[in-house]
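# Overview (structure and organization)
Residues per chain, in single letters:
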Amino acid sequence: ALVDWINEAELSNLCKEKEFIIKDNATSVRHVIVSSNHFEWKHEDTLLLTLKDVTRERELERFKTKWISTVSHEFKTPLNIILNLVSHLSHLKLDSRTQEFVDLGYSATQLL
């Protein structure tokens, strides 16, 4: 895939950039961004390739996404329990002061 991409880049005068995933072995994966720039240098067509290892950045992005998902789930579970409880309480006959607190709790859980 990289060779095909380089051949395509040679035909174009535009700067191009593409990310490749390279498997070093059965368990190791590298993410590399290859940038190309086709230009004339000393009266010769020249293709400049720049490689940047972005493996660490991709690992951090994956960790951040997983962490946010986990935190979101951990907050939603107790909030749903509170929402259901407040919803059931709102159907009961309550004194006005208690009803006011139940309504406030229901409104607050709806915002979250």
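Residues numbered from 1 in each chain as written. Predicted model: local features only at pLDDT ≥ 70, side-chain atom pairs only at ≥ 80, totals over all residues. Heavy atoms only, no water.

## Section: the overall build of the protein chain
Scanning the protein chain for helices and strands turns up 3 helices and 3 strands. Ordered by position from N to C terminus, the α and β elements of the protein chain give α-β-β-β-α-α. Going through the 112 residues of the protein chain one by one, you find that 17% of them count as buried. Taking the intrachain contacts of the protein chain between residues at least 6 apart in sequence as the baseline, contacts between residues at least 24 apart amount to 25%. Carbon and sulfur atoms provide 59% of the accessible area of the protein chain, an area that totals close to 9,400 Å². (Helix = DSSP H or I, 4+ residues; strand = E, 2+ residues; numbered from the N terminus. Buried < 20%, exposed > 50% of the residue type's maximum accessible area, 1.4 Å probe, protein only. Contact = heavy atoms within 4.5 Å. Areas by Shrake-Rupley, 256 points an atom, 1.4 Å probe, with all protein chains shown as cover.)

## Overview of the confidence of the model for the protein chain
Residue-level pLDDT values for the protein chain average 82, and 86% of them are 70 or greater. Within the protein chain, no element has a lower average pLDDT than helix H1 (residues 2-10), which sits at 60, and none a higher one than helix H2 (residues 55-90), at 88. (pLDDT = per-residue confidence, 0-100.)

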